[in-house]
Amino acid sequence: MPHAPIHIDFLNALDVEALALTDQEIIAAVETGLAAQGRKETVIEPRMHLQPGAANGHFNVLRGAFRAPINLAGVKVIGDFVDNYKEGLPSELGLLLLMDPGNGVPKAIIDGSHLTDMRTGAVTAIGAKYLARKGSKVLAHVGARGTAYWNVRLLDSLFDFDEIRVHSRRKESRDAFGAKLAADRGKTITVTEDWRSCVEGADIVVEASRLNAPEPMLRTEWIKPGAFVVPYGTMSAVELSLTDIMSKLVVDDWGQCKSGQFGSLRAHVEAGKLSEATLHAEMGEIVAGLKPGRECEDETILFWHRGLSLSDIALGHFMLEKAARLGLGQRLRYA
């Protein structure tokens, strides 16, 4: 029996930009996905890596699925190539494929680059919403790649910082990053020449560096008591002692954090400093109200997120709905 025509909705990078998602829309969509994960209404597989060996980089392959009401499965493939700036390209380029979890029919293809940047910033901001001190006024951000902008933008939308400090290895990248943020946020951005002057004494510290190999650039002694720290670089930039000062250790998904080759706390897992016994919660459990977030002002809390396929799918789902309302995107014949 012949089936009805099958079409795929396609949102390219220009379509995603034209959606003009608000900060509130991005955060709400990703928070909905985290809550579903916390309630175990999802399936998630640990990310996989493909290393072609042709350049300084690799591909990340992320997979997951939601039951109702999102009712979508998804696979995202996104490159992470450190030297892309030499070609004028973003370091991260990719696509998200969404499918019907009931019959496998492809439903949509969405630009994964903008989506990854936005959902990463949203997870960072949601982490701070539940785990940072409410009166946090000083933000330190190390790293200036694509996700960095959305980290700062979405965090500032929640906290309206008095001081934002940024640092990056290359002077041209950190200066351009600071200028972009100053224009966007309408406030002074402090661009620092070193890690210490960026991080020391900050209320919220985000480490999104681009190291070629693990190196302890972020020193434990710089972390202020009561701070909220988010390290998520592919190569670890933190000292092994960082977890020793933490009141709570939180991750996005323990299944993918406990294994794999990369990640800012890989050495901590291997040394037993981060384990099922020392882990406080997954972020979804906190968002769903199943476990507590910050409980007092003097807690120093770490949140390690490696990136969730579920956040990609949840934000992609919202993008499709808004695109339909605005008449954006293309409809492709599949079969």
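Above this text you will find the structure in question.
Here goes a summary of the coordinates provided. (Residues numbered from 1 in each chain as written. Predicted model: local features only at pLDDT ≥ 70, side-chain atom pairs only at ≥ 80, totals over all residues. Heavy atoms only, no water.)

Below, the discussion takes up the environment of Met319. Tracing the sequence through the fold places Met319 in helix 10 (residues 309–326). C-alpha separation for the pair Met319 and Val16, spaced 303 residues apart in sequence, amounts to 7.5 Å. Once residues within four sequence positions are removed from consideration, Met319 is found in contact with Leu11, Val16, Leu19, Leu21, Ile110, Leu115 and Met118. (Helix = DSSP H or I, 4+ residues; strand = E, 2+ residues; numbered from the N terminus. Contact = heavy atoms within 4.5 Å.)

Within a beta sheet, neighbouring strands are joined by backbone hydrogen bonds and run either parallel or antiparallel to one another. In space, the eight strands of this open sheet follow the order 9-8-7-10-11-14-12-13, with parallel pairing throughout. The sheet terminates laterally at strand 9 (189–191) and strand 13 (281–282), the two strands that pair on one side only. As paired elements, strand 7 (residues 138–142) and strand 8 (residues 163–167) share five bridges and run parallel to each other. Bridge pairing in strand 8 links Ala140 to Arg165. Each of strand 10 (204–207), strand 11 (228–231), strand 12 (248–251) and strand 14 (301–304) touches helix 3 (residues 112–131); the most contacted strand, strand 11, lies at about 155 degrees to it. (Pairing = 2+ DSSP bridges. Axes fitted to C-alpha atoms, helices over the stretch in contact; angles between N-to-C directions.)

Attention shifts here to the sheet that holds strand 3 (residues 57–66). Ordered by their spatial adjacency, seven strands build an open sheet running 2-3-4-5-6-1-15, and the pairing between neighbours is mixed. Of all the strands in the sheet, the pair left with one neighbour each is strand 2 (42–50) and strand 15 (330–333). Strand-to-strand twist of the sheet, defined as the mean angle between neighbouring strand axes without regard to direction, takes the value 15 degrees. Both strand 1 (residues 7–11) and strand 15 contribute to a ladder of four bridges, which runs antiparallel. Each bridged residue has a counterpart across the sheet, and for Phe10 the counterpart in strand 15 is Gln330.

Geometric values such as these leave the question of function open.
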